Amino acid sequence: DTGVSQDPRHKITKRGQNVTFRCDPISEHNRLYWYRQTLGQGPEFLTYFQNEAQLEKSRLLSDRFSAERPKGSFSTLEIQRTEQGDSAMYLCASRQSSSYNSPLHFGNGTRLTVT
Amino acid sequence: GENVEQHPSTLSVQEGDSAVIKCTYSDSASNYFPWYKQELGKGPQLIIDIRSNVGEKKDQRIAVTLNKTAKHFSLHITETQPEDSAVYFCADSGGSNYKLTFGKGTLLTVNP
């Protein structure tokens, strides 16, 4: 199965620590998206890349958050000085923008718990 | 999209019955409307989608209808099975770039 892969699946950290998550999209997909999902809610858009370029960031993405996709393949999402409010599921998704009917495929997420 | 309202928040049906989930949206530029199924501990999985140039789309037991004038779209699942039990999310694209805006989800329980 060559779906979207995220690592780690779970992360528990103490408030104030930095954390980094990794996403490997489907190999031929040039667009990569990060979403955040809190309990009982739908996913919320954070940011997206086309190849290595970060094209848009949501206002939800505070300056403690940074995302990169250095070679246009995998992406990392870093959260600095974590707060309890950062506890959520972080979802990565990808698609191929050149294909009109290419839908958004999600990974199984990284669940972050900040204690 | 700007805002997506989804109803009901919970739905319980007997196996074999139909289930209908409804969503409304506000962004007139929205032209793509996917539905995702999310099981516990997993990411959302696309089950069906529809574009604004189509009024209805069907895939086996699942169908989606779209009314652009009224800005609402619905998911219909027929002959429900226990394995259909999950949280279902509607979403809209807001017109471009697949920056999906999701509804709050519907917890569907299919009782055997």
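Description of the structure in this document.

Let's talk about the packing of aromatic side chains
Stage number 1. Under the counting rule described, the total for this entry stands at 15 aromatic pairs over all chains.
Stage number 2. The interplanar angle of 45° and the centroid separation of 4.7 Å between the aromatic rings of tyrosine 25 of chain B and phenylalanine 33 of chain B together place this pair among those described as tilted. An identical accessibility class is assigned to tyrosine 25 of chain B and phenylalanine 33 of chain B; each is buried.
Stage number 3. In this arrangement the basic side chain of arginine 22 of chain A is found over the ring face of phenylalanine 74 of chain A, its NZ or CZ atom lying 3.9 Å from the centre.

Quick word on the environment of serine 52 of chain B
Residues and elements named next belong to chain B.
Stage number 1. Position of serine 52 relative to the elements: it lies in the loop between strand 5 (45-51) and strand 6 (56-59).
Stage number 2. Remark: the alpha-carbon pair of serine 52 and leucine 66, spanning 14 residues in sequence, is separated by 7.5 Å.
Stage number 3. Not counting residues within four places of it along the chain, the set of residues in contact with serine 52 comprises Ser30, Asn31, Phe33, Leu66 and Lys68.

A few points about the state of the cysteines
Stage number 1. Enumeration over the complete set of coordinates arrives at 2 disulfides over all chains.
Stage number 2. Paired by a disulfide, cysteine 23 of chain A and cysteine 92 of chain A hold their sulfur atoms 1.9 Å apart. Taking the torsion about the sulfur-sulfur bond, which here is approximately -70°, the covalent link between cysteine 23 of chain A and cysteine 92 of chain A counts as left-handed. With cysteine 23 of chain A in strand 3 (residues 19-24) and cysteine 92 of chain A in strand 9 (residues 88-95), this pair connects stretches of sequence that are 69 residues apart. Both residues of the pair, cysteine 23 of chain A and cysteine 92 of chain A, count as buried.
Stage number 3. Across a sulfur-sulfur distance of 1.9 Å, cysteine 23 of chain B and cysteine 90 of chain B are joined as a disulfide pair. Across the disulfide from cysteine 23 of chain B to cysteine 90 of chain B, rotation about the S-S bond amounts to roughly -95°, and the bridge is consequently left-handed. Here cysteine 23 of chain B is found in strand 3 (residues 19-25), whereas its partner cysteine 90 of chain B is found in strand 9 (residues 86-92), with 67 residues between them in sequence. There is no split in this pair, since cysteine 23 of chain B and cysteine 90 of chain B are both buried.

Conventions adopted
- Residues numbered from 1 in each chain as written.
- Chains lettered and ligands numbered in written order.
- Predicted model: local features only at pLDDT ≥ 70, side-chain atom pairs only at ≥ 80, totals over all residues.
- Heavy atoms only, no water.
- Phe/Tyr/Trp six-rings, centres within 6.5 Å; stacked < 30°, edge-to-face > 60°.
- Buried < 20%, exposed > 50% of the residue type's maximum accessible area, 1.4 Å probe, protein only.
- Lys NZ or Arg CZ within 6 Å of the ring centre and 35° of its normal.
- Helix = DSSP H or I, 4+ residues; strand = E, 2+ residues; numbered from the N terminus.
- Contact = heavy atoms within 4.5 Å.
- Disulfide = S-S within 2.5 Å.

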